[in-house]
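Here are the chains, one letter per residue:
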Amino acid sequence: KGSTVSLTVGSLRDTAEKWKIPPQAWKAFRAVSFRSLLFVGERDLISDGGDALLRLNVVEFHQIFSPMLAAMGDGSSMEAWLAATDVLADVELRGGARYGRGKPIFNGTFT
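Residues numbered from 1 in each chain as written. Predicted model: local features only at pLDDT ≥ 70, side-chain atom pairs only at ≥ 80, totals over all residues. Heavy atoms only, no water.

Caption draft 1: A look at the side chain of Thr85. Positionally, Thr85 belongs in helix α6 (residues 75-94). The contact partners of Thr85, leaving out residues within four places of it in the chain, are Trp19 and Lys20. (Helix = DSSP H or I, 4+ residues; strand = E, 2+ residues; numbered from the N terminus. Contact = heavy atoms within 4.5 Å.)

Laid out in structure tokens, this is it:
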């Protein structure tokens, strides 16, 4: 008693689809989202965006995000995901500093 935190979110599906999270990693994505929200804080995420996550030390970042990367599958699936979200991450998290500089865009499917 007193050790349960309940948080209701309408749907993370739109965000998971935007970030091209493979279906097999959706449950892990949900867990990572909640861990990030609880660990970093809603206010910091809203005001600082991706910078709030980038201020985590290596161990904290690894502890939060490793389960989702593991759920994606093998190395080639993770590399395909990174390539598929490179431009999106640049625009959303880094303000578009590299946008349009000839980075390849992945247009395939995850297996």
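Caption draft 2: Structural context of the packing of helix α2 (residues 26-40) against helix α5 (residues 58-72). One can describe the packing of α2 onto α5 by two numbers: an axis separation of 8 Å at closest approach and a directional angle of 165°. Considering their axes alone, α2 and α5 lie roughly antiparallel with respect to each other. For the pair α2 and α5, the sense of crossing is left-handed. Residues Ala28, Phe29, Val32, Arg35, Ser36 and Phe39 of α2 pack against Glu60, Gln63, Ile64, Phe65, Pro67, Met68 and Ala71 of α5. Here the residues of the contact of α2 with α5 are counted per class, giving nine nonpolar, two polar and two charged. (Axes fitted to C-alpha atoms, helices over the stretch in contact; angles between N-to-C directions. Parallel < 35°, antiparallel > 145°, perpendicular 65-115°, else oblique. Left-handed = near helix turned anticlockwise from the far one by under 90°. Nonpolar A, V, L, I, M, F, W, Y, C, P; charged D, E, K, R; others polar.)

Caption draft 3: Inspection of the pattern of salt bridges at higher detail. Scanning the entire structure with this criterion turns up two salt bridges. The closest approach of N and O atoms between Glu17 and Arg13, which form a salt bridge, is 3.7 Å. Placement of the pair is Glu17 and Arg13 together in helix α1 (residues 13-18), with a separation of four residues, close to one helical turn. Using a relative accessible area of 45% as the deciding quantity, one classes Glu17 as partly exposed. Close ionic contact of Arg55 with Asp48 constitutes a salt bridge, the shortest N to O distance being 2.7 Å. (Salt bridge = Lys/Arg side-chain N within 4 Å of Asp/Glu carboxyl O. Buried < 20%, exposed > 50% of the residue type's maximum accessible area, 1.4 Å probe, protein only.)

Caption draft 4: Structural view of the environment of Thr15. In this fold, Thr15 is placed in helix α1. Taking the C-alpha atoms as reference points, Thr15 and Phe29, 14 residues apart in sequence, are found 9.7 Å from one another.

Caption draft 5: Looking closely at α2. Taking 1.5 Å of rise per residue, the 15 residues of α2 would be expected to cover 21 Å, and the 21 Å separating its terminal C-alpha atoms lies within 8% of that figure. All buried positions along α2 are accounted for by Ala28, Phe29, Val32, Ser36 and Val40. Taken around the axis of α2, the buried residues stretch over an arc of 100°, which confines them to a single face. Exposed residues pointing more than 90 degrees away from the buried face of α2 are listed as Lys27 and Leu38. Residues of α2 that are buried in the fold lie against α1, α3 (42-48), α4 (50-54) and α5. Looking one or two residues past α2, Gly41 carries a phi angle of roughly 105°, positive in sign. (Expected span 1.5 Å × (residues − 1). Arc of directions from axis to C-beta.)

Caption draft 6: Representation of unusual backbone geometry in the model. Phi at Lys20 takes a positive value of approximately 55°, unusual for a residue other than glycine. As for its position among the elements, Lys20 is in the loop between α1 and α2.

Caption draft 7: The arrangement of α5 in detail. The terminal C-alpha atoms of α5 lie 20 Å apart, and with 15 residues this matches the ideal 21 Å at 1.5 Å per residue to within 8%. Of all the bends in α5, the largest measures some 45° and sits at Phe65, one to four residues before the proline Pro67. Directly beyond the C-terminal end of α5, a positive phi value near 115° is found at Gly73. (Bend = angle between axes of the 7 residues up to and from the residue.)

Just distances and angles here, no functional claims.
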